[in-house]
Amino acid sequence: MAQRIKITEILRTEPLGEDILVKGWVKAFRNNQFIALNDGSSAFNLQVVVDHENTDPALLKRITFGAAIGVHGTLVESQGKGQKFELKAAEITIYGDCNPEEFPLQPKKQTLEFLREHAHLRFRTNTFAAVFRIRHVLSYAIHKFFNDRGFVNLHSPIITGSDAEGAGEMFRVTTLDLDKLPRTEDGAIDTSKDFFGKSTNLTVSGQLEAELAATALGEVYTFGPTFRAENSNTTRHLAEFWMIEPEVAFADLNDNMNLAEAMLQYVIKYALDHCAEDLRILEERLLEEEKSKPQDQRSEMALTEKLRFVVQNEFQRLTYTEAIDILKNSNPNKKGKFQYTIDAWGADLQSEHERYLVEKHFKKPVILTDYPAAIKAFYMRLNEDGNTVRAMDILFPGIGEIVGGSQREERYEVLLQKMQAMHIPEEELYWYLDTRRFGSCPHAGFGLGFERLVLFVTGMTNIRDVIPFPRYPGSAEF
RNA sequence: GCCUCCUUAGCUCAGUUGGUUAGAGCGGCGGACUGUUAAUCCGUAGGUCAAAGGUUCAAGUCCUUUAGGAGGCGCCA
């Protein structure tokens, strides 16, 4: 018997007249005669033609939506109009039956909310298969981008002994018996009895470790899971998400912005070049979804058009101070349309302000730089003015902040002062300070939320739909 | 954590100022047809209206609480 061939391979080589073996899942069985077969290798369904008159009726009954089957036959030119070729079945094997009375999915449009509750089965839908193939391609493109530029992929720890990473609430990691916690004499939990001999948490960022490596390897990046125990209930936050954090020695903020912009454009272009069919499916899905929305809430561009626009146009760069000026003089601010009116320098920008800049004023991705020191993290390099830091946030339409980064404070004394001012315990971070004591150098880096990138590229609107099994407050299913 | 909205058949929804026996499409099942493309046609089953309590002669419809879901805000990536 012929060796199994993937459907993508059939598309590429079109082995007409050849004996082939295909295995996959039934997407539709029409007319007791036509099987739409998908094997996950692409969005394309291969049409299988069954000689129903000479096939056991009991076998035909088992060819149902969702069943896993193998088809051995000959690839021939199609007599029908919908496809170029089709597989004339000679022998059909059922690997796994799929009882349609019990299978939760149906060959029809299902809501994303319903599918989210059946996340273990949603890979079977065209939409989610497309999303997760694109997610893979983006992941690969990121590794390729950095590898081609000589970056070292650093595996920063997932369990961290430091509770001062400064990026949010942490998940405690412990093997202590919660019903019988060991106590010290003063009644506190005796963490010296814990697995690591101290209190540990899941990481909220690999940045500090990346900085250590960058001061020797030069150019590094992390790409790993990250955990935040924040009670965030939004369409763009997860408790467990994947983050990419490059760190570059001898780079300043400008180099950092150039790197981030180049990376985003590279990986989006990579998806455009390698995921055309999946992007087409998602573009149609988005168009369909937006039909039910009022005109003014629909996207101005179709999905792939939007992606091409981002690839081809430079991001708008401006300082926080310039942004405040634009916002202060904007129509919505003067007319009191913002929930939070912009009146003074120093306030943190709310998402309504970021959205205005990106979606209304510039209509393109925006890089905001040089924020007030007071609203940013301790490790960001202080500017000469003493008020602002060399920070940058990249804002994307529909997503908001997709990248947050900065040039790091490399001056030991300045860093120490800032840590003291912000009550960061220096004895906890002695190892971080050591990089500034021994051969310190200017360096910069940023964090990219991988799921936010996948959201943007796939045109999905809820971050819980671009990670296989989302974790968020009150939910850790599967 | 805060605010708003939603929960009716397997799925997506309709259900009028509270008024008899709660409807449709899709899906399922049975049959017909057999070059279909969301196949088509005929027939058929399927509901404790999220749960509990209350108002009323009468509640899917009004009120309260609880649970689940969605969206927005905050925190950020």
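Residues numbered from 1 in each chain as written. Chains lettered and ligands numbered in written order. Predicted model: local features only at pLDDT ≥ 70, side-chain atom pairs only at ≥ 80, totals over all residues. Heavy atoms only, no water.

**Some words on the packing of aromatic side chains**
Any pair of aromatic rings gets described here by the distance separating the centres and the angle formed by the planes.
No. 1: Within the structure shown, the criterion is met by 23 aromatic pairs.
No. 2: Both rings, one in phenylalanine 146 and one in tyrosine 221, keep their centres 4.5 Å apart while their planes meet at 20 degrees; by these two values the pair is stacked. Separated by 75 residues along the polypeptide, phenylalanine 146 in helix α4 (residues 126-148) and tyrosine 221 in strand β10 (residues 219-227) bring together distant segments of the chain.
No. 3: Through a chain of ring-to-ring contacts, three or more aromatic side chains come together here, namely Tyr140, Phe145, Phe146, Phe151, Tyr221, Tyr266 and Tyr270.
No. 4: Looking at arginine 149, its charged tip hangs above the ring of tyrosine 266, at a distance of 5.8 Å from the centre. (Phe/Tyr/Trp six-rings, centres within 6.5 Å; stacked < 30°, edge-to-face > 60°. Helix = DSSP H or I, 4+ residues; strand = E, 2+ residues; numbered from the N terminus. Lys NZ or Arg CZ within 6 Å of the ring centre and 35° of its normal.)

**Notes on the pattern of salt bridges**
No. 1: The tally for this structure, following the rule as stated, stands at 24 salt bridges.
No. 2: Here arginine 116 and aspartate 465 are joined by a salt bridge, their closest N and O atoms 2.7 Å apart. Of this pair, arginine 116 sits in helix α3 (residues 112-117) while aspartate 465 sits in the segment after α14 (450-458); the two residues are 349 residues apart in sequence, bridging distant segments of the chain. Each of the two residues, arginine 116 as well as aspartate 465, counts as buried.
No. 3: As a salt-bridge pair, aspartate 278 and arginine 133 come within 2.9 Å of each other at their nearest N and O atoms. (Salt bridge = Lys/Arg side-chain N within 4 Å of Asp/Glu carboxyl O. Buried < 20%, exposed > 50% of the residue type's maximum accessible area, 1.4 Å probe, protein only.)

**So, the sheet that holds strand β1 (residues 19-30)**
No. 1: Spatial strand order, β1-β2-β3-β5-β4: 5 strands in a closed barrel with mixed pairing. When the angles between neighbouring strand axes are averaged without regard to direction, this sheet yields 55 degrees.
No. 2: In this sheet, strand β2 (residues 34-38) lies alongside β1 in antiparallel orientation, the contact comprising 5 bridges. Each bridged residue has a counterpart across the sheet, and for tryptophan 25 the counterpart in β2 is asparagine 38. (Pairing = 2+ DSSP bridges. Axes fitted to C-alpha atoms, helices over the stretch in contact; angles between N-to-C directions.)

**Side note on the protein's contact with RNA strand B**
No. 1: The full set close to RNA strand B counts 48 residues, and Asn31, Gln47, Lys108, His237 and Arg452 are the nearest of them.
No. 2: Backbone atoms, meaning sugar and phosphate, form 49% of the atoms of RNA strand B found within 4 Å of the protein.
No. 3: At a separation of 2.3 Å, a base oxygen of RNA strand B approaches a polar side-chain atom of asparagine 31.
No. 4: Separating a sugar or linking oxygen of RNA strand B from a backbone N or O atom of glutamate 401 is a distance of 2.9 Å. (Near = heavy atom within 4 Å. Polar contact = N/O pair within 3.5 Å; in protein donor to acceptor, adjacent residues only side chain to side chain.)

**Topic: the sheet that holds strand β8 (residues 172-173)**
Where strands meet in a sheet, backbone hydrogen bonds hold them as pairs that are either parallel or antiparallel.
No. 1: With respect to topology, 3 strands assemble into an open sheet ordered β7-β9-β8, the strand pairing being antiparallel. Only two strands of the sheet have a single partner each, and these edge strands are β7 (159-160) and β8.
No. 2: Note that β8 and strand β9 (residues 200-202) share 2 bridges and pair antiparallel. In the sheet register, valine 173 faces β9, and the bridge partner there is threonine 200.

**Notes on the nonpolar core**
No. 1: Of all hydrophobic cores here, the largest spans 89 residues; its most connected members are Ile268, Ile394, Phe396, Leu448, Leu453 and Val457.
No. 2: Setting aside anything within four residues of it in sequence, one finds isoleucine 394 in contact with Ala260, Leu264, Phe315, Val366, Ile367, Gly400, Glu401, Ile402 and Val403.
No. 3: In this structure, Leu327, Tyr356, Val366 and Leu429 belong to the second largest nonpolar core, which totals 29 residues. (Core = buried A, V, L, I, M, F, W, Y, C linked by side-chain atoms within 4.5 Å. Contact = heavy atoms within 4.5 Å.)

**Focus on the packing of helix α6 (residues 253-274) against α14**
No. 1: For the pair α6 and α14, the least separation of the axes is 11 Å and the interaxial angle reads 45 degrees. One way to sum up the angle between α6 and α14 is to call them oblique. The handedness of the crossing between α6 and α14 is right-handed. Residues Leu264, Val267, Ile268 and Ala271 of α6 lie in contact with α14, whose contacting residues are Leu453, Phe456 and Val457.
No. 2: Class assignment for the residues of the contact of α6 with α14 results in 7 nonpolar, no polar and no charged. (Parallel < 35°, antiparallel > 145°, perpendicular 65-115°, else oblique. Left-handed = near helix turned anticlockwise from the far one by under 90°. Nonpolar A, V, L, I, M, F, W, Y, C, P; charged D, E, K, R; others polar.)

**Observations regarding the layout of surface pockets**
No. 1: Roughly 990 Å³ of internal volume is contained in the second largest pocket.
No. 2: Lining of the second largest pocket is provided by 32 residues; of these, Lys108, Lys109, Gln110, Asn126 and Thr127 occupy positions nearest its centre.
No. 3: Listed by contribution, the elements that provide at least two residues to the lining of the second largest pocket are β1, α3, α4 and α7 (276-290).
No. 4: With 6 residues, α7 is the largest single contributor of residues to the lining of the second largest pocket. (1 Å grid on protein atoms, 1.4 Å probe; cavity = no way out; pocket = protein on both sides within 12 Å on 5 of 7 lines; lining within 4 Å. Points joined across faces, edges and corners; volume = space filled by probe spheres on them.)

**Considerations on the pairing of strand β4 (residues 68-77)**
No. 1: Within β4, 7 of the 10 residues are buried, which leaves the element mostly enclosed by the surrounding structure.
No. 2: Pairing analysis gives 7 bridges linking β1 to β4, with the strands arranged antiparallel. The residue bridging isoleucine 20 from the neighbouring strand is glycine 73, located in β4.
No. 3: Pairing of β4 with strand β5 (residues 85-96), which is carried by 10 bridges, proceeds in the antiparallel orientation. Bridging from a neighbouring strand, valine 71 pairs with isoleucine 92 of β5.

**What about the packing of α4 against α7?**
No. 1: The interhelical angle for the contact between α4 and α7, taken along N-to-C directions, is 130 degrees, at an axis separation of 9 Å. Between α4 and α7, the angle is such that the two are oblique. Considering how the two elements wind past one another, α4 and α7 form a crossing that is left-handed. Where α4 approaches α7, its residues Asn126, Thr127, Ala130, Val131, Arg133 and Ile134 are matched on the opposing element by Asp278, Leu279, Ile281, Leu282 and Arg285.

**Describing unusual backbone geometry**
No. 1: Phi at phenylalanine 250 takes a positive value of approximately 65 degrees, unusual for a residue other than glycine.
No. 2: For phenylalanine 250, a relative accessible area of 65% gives the class exposed.

**A closer look at the pairing of strand β16 (residues 443-449)**
No. 1: Counting buried residues along β16, 7 of its 7 residues qualify, which places the element largely inside the surrounding structure.
No. 2: Side-chain alternation along β16 places His443, Gly445, Gly447 and Gly449 on one buried face and Ala444, Phe446 and Leu448 on a second face that is also buried.
No. 3: Sheet topology note: the strand β11 (residues 240-249)/β16 ladder contains 5 bridges and is antiparallel. Residue pairing across strands places alanine 249 opposite histidine 443, the latter belonging to β16.

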